[in-house]
Amino acid sequence: KTWAGQVPRDSLVIIGDAEPKEPVAATVHTTRCPAHSHWEGACCKYAEAVVLAQKLMKMDRSFQWVYFTDDDAYVRIGPLANALVSQQPPISGKQGVVVG
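Residues numbered from 1 in each chain as written. Predicted model: local features only at pLDDT ≥ 70, side-chain atom pairs only at ≥ 80, totals over all residues. Heavy atoms only, no water.

Moving on: the overall build of the chain. A count of helices and strands for the chain gives two helices and two strands. The secondary structure elements of the chain, listed N-terminal to C-terminal, are β-β-α-α. Residue burial in the chain is summarised as follows: out of 100 residues, 19% are buried. For the chain, the share of sequence-separated contacts (at least 6 apart) that also reach a separation of at least 24 residues comes to 21%. (Helix = DSSP H or I, 4+ residues; strand = E, 2+ residues; numbered from the N terminus. Buried < 20%, exposed > 50% of the residue type's maximum accessible area, 1.4 Å probe, protein only. Contact = heavy atoms within 4.5 Å.)

Here's what the structure looks like:
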């Protein structure tokens, strides 16, 4: 019953220390990074998320953007989607745009 429930299950990937004990409304990717670490584990998980996002976006070209956040954040899905949809697509051969 959080903001994540507003996102389609196949569009939300969580980088976690272990498989969840109960079903969650997302794809969970179990990390090889140090568990419960707010220092090296956090950096490692962020890097792992970037690499995984690149792989997933190459496999499924329907994904046009990626958003990284921490488990302590609340994401306002509507305003985020509106901000992203208003962006022009990148020109062929150019990198994407960073909105922040």
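So, next bit.
For the rest of this paragraph, the subject is the confidence of the model for the chain. Overall, the prediction assigns the chain a mean pLDDT of 82, with 87% of residues at 70 or greater. The lowest-confidence element of the chain is helix α2 (residues 77-85), averaging 85 in pLDDT; the highest-confidence one is helix α1 (residues 40-59), averaging 89. (pLDDT = per-residue confidence, 0-100.)

It is worth spelling out the state of the cysteines at this point. For the structure on display, the rule yields one disulfide. Not part of a disulfide, C43 finds its nearest cysteine sulfur in C44, a span of 8.7 Å. Assessed through its relative accessible area of 56%, C43 is described here as exposed. (Disulfide = S-S within 2.5 Å.)

Moving on, we come to α1. The first and last C-alpha atoms of α1 sit 29 Å apart over 20 residues, in line with the 28 Å expected at 1.5 Å per residue. Looking at α1, one finds that the buried residues are G41, K45, E48, A49, L52 and A53. The buried side chains of α1 occupy one side of the element, clustering within an arc of 145° when seen end-on. Exposed side of α1, more than 90 degrees from the buried face: C43 and K58 are the residues found there. (Expected span 1.5 Å × (residues − 1). Arc of directions from axis to C-beta.)

Summarising the element assignment, W65 is placed in the loop between α1 and α2. Accessibility expressed as a relative area gives 42% for W65, which makes it partly exposed. Separated by 19 residues in sequence, W65 and L84 place their C-alpha atoms 7.8 Å apart. When near neighbours in sequence (up to four residues on either side) are disregarded, W65 contacts M57, L80 and L84.

Attention shifts here to the side chain of K45. Following the sequence through the fold, K45 ends up in helix α1. Polar side-chain contacts of K45 include one of 2.6 Å to the side chain of D17. (Polar contact = N/O pair within 3.5 Å; in protein donor to acceptor, adjacent residues only side chain to side chain.)

What follows deals with the pattern of salt bridges. This structure, assessed with the given rule, holds one salt bridge. K45 serves as the salt-bridge partner of D17, at 2.6 Å between the closest nitrogen and oxygen. A residue pair is termed long-range when its members are at least 10 positions apart, and D17 in the loop between β1 (13-16) and β2 (27-30) and K45 in helix α1 qualify at 28 residues. For D17, a relative accessible area of 27% corresponds to the partly exposed category. (Salt bridge = Lys/Arg side-chain N within 4 Å of Asp/Glu carboxyl O.)

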